[in-house]
Amino acid sequence: MILVSSCLAGLKVRYNGTHSLNNGIAKLVEENKAITICPELLGGFSTPREPAEIIGGNGEDVLNGKAKVIEKSGKDVTELYIKGAYATLNKAKEINATVVVLKEYSPSCGSSMIYNGEFIGEKLEGMGVTSALLKRNGLKVISEEQFAETFL
């Protein structure tokens, strides 16, 4: 079974109330070959919500207590991101996920690139909090771009 970011399946759960539909991923969900998940909603956020970025590092650093996830207004939402990451890990284990496809650039879901923490649209190499936790626990995490290369 494949676990996928809800926004990639067309659900309007992104911070700004939009989706990031990937037709291939939506098709897998329709065929019951994939299950959707949104770590941020599982962490306790609602939609829409304020944009957030990782300040002082990446998802690994957040899990290690060396970086924080901060909303644009300055509010520290680190604990909610960690809570969502663990809820996602539990779901992945529950369904015996073979691969997890998460939305690139997200402070939760980015698997190789995230925003740089300055809210200026610049990206840097690194993982989001959920991707880091899933990889730390031996799960294969890929982005929607890697999904297209691998599965389509």
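Scroll up a little and you will see the structure.
Anyway, here's the lowdown on the structure attached to this text. (Residues numbered from 1 in each chain as written. Predicted model: local features only at pLDDT ≥ 70, side-chain atom pairs only at ≥ 80, totals over all residues. Heavy atoms only, no water.)

Considering the packing of helix H4 (residues 78-94) against helix H5 (residues 129-136)
The geometry of H4 relative to H5 is characterised by a closest axis approach of 9 Å and an angle of 40° between their N-to-C directions. As the angle between them shows, H4 and H5 are arranged oblique. Like other packed secondary-structure pairs, H4 and H5 cross with a definite hand, here right-handed. Contacts between H4 and H5 involve Tyr 81, Ile 82, Gly 84, Ala 85, Tyr 86, Thr 88 and Leu 89 from the first element and Val 129, Thr 130, Leu 133 and Leu 134 from the second. Class assignment for the residues of the contact of H4 with H5 results in eight nonpolar, three polar and no charged. (Axes fitted to C-alpha atoms, helices over the stretch in contact; angles between N-to-C directions. Helix = DSSP H or I, 4+ residues; strand = E, 2+ residues; numbered from the N terminus. Parallel < 35°, antiparallel > 145°, perpendicular 65-115°, else oblique. Left-handed = near helix turned anticlockwise from the far one by under 90°. Contact = heavy atoms within 4.5 Å. Nonpolar A, V, L, I, M, F, W, Y, C, P; charged D, E, K, R; others polar.)

Focus on the packing of aromatic side chains
All told, the structure shown has two aromatic pairs when counted by the stated rule. Considering the side-chain rings of Tyr 105 and Tyr 115, the 6.1 Å spacing of their centres and the 55° angle between planes classify their relative orientation as tilted. Of this pair, Tyr 105 sits in the loop between strand E5 (99-102) and strand E6 (113-115) while Tyr 115 sits in strand E6; the two residues are 10 residues apart in sequence, bridging distant segments of the chain. Directly above the aromatic system of Tyr 105 lies the positively charged group of Lys 123, at a separation of 4.4 Å from the ring centroid. (Phe/Tyr/Trp six-rings, centres within 6.5 Å; stacked < 30°, edge-to-face > 60°. Lys NZ or Arg CZ within 6 Å of the ring centre and 35° of its normal.)

Notes on the side chain of Asn 22
By the element assignment, Asn 22 lies in the loop between strand E1 (2-5) and helix H1 (23-30). Look at Asn 22 and you get buried, because its relative accessible area is 14%. Of note is the side chain of Asn 22, whose polar atom sits 3.0 Å from the backbone nitrogen of Ile 25. Ignoring any residue separated from it by four or fewer positions in sequence, one finds Asn 22 in contact with Leu 8, Glu 144 and Phe 147. (Buried < 20%, exposed > 50% of the residue type's maximum accessible area, 1.4 Å probe, protein only. Polar contact = N/O pair within 3.5 Å; in protein donor to acceptor, adjacent residues only side chain to side chain.)

Topic: the pairing of E5
Of the two faces of E5, the one carrying Val 99 and Val 101 and the one carrying Val 100 and Leu 102 are both buried. As judged from the three bridges shared by E5 and strand E8 (residues 141-143), these two strands associate in the parallel manner. Within E8, the position partnered with Leu 102 by the bridge is Ser 143. (Pairing = 2+ DSSP bridges.)

Some remarks on H5
Within H5, six of the eight residues are buried, leaving the element largely enclosed by the surrounding structure. Considered for burial, the residues of H5 that qualify are Val 129, Thr 130, Ser 131, Ala 132, Leu 133 and Leu 134. Immediately beyond the C-terminal end of H5, within one or two residues, lies Gly 138, with a positive phi of roughly 85°.

Regarding the sheet that holds strand E2 (residues 34-37)
Two modes of strand pairing occur in sheets, parallel and antiparallel, and in both the strands are linked by backbone hydrogen bonds. The four strands lie next to each other as E2-E1-E5-E8, forming an open sheet whose pairing is parallel. Each end of this open sheet is capped by a strand with a single partner; those strands are E2 and E8. Direction aside, the axes of adjacent strands within the sheet are offset by 25° on average. Sheet topology note: the E1/E5 ladder contains three bridges and is parallel.

Brief notes about unusual backbone geometry
For the peptide bond that leads from Thr 47 to Pro 48, omega is -5°, which places it in the cis range. You can see Pro 48 is positioned in the loop between helix H2 (39-43) and strand E3 (52-55). Phi is positive for Tyr 105, close to 80°, though the residue is something other than glycine. For Tyr 105, a relative accessible area of 23% gives the class partly exposed. Here the phi dihedral of Phe 119 falls at roughly 55°; this positive angle occurs in a residue that is not glycine. Taking the relative accessible area as the measure of exposure, Phe 119 reaches 21% and is therefore partly exposed.

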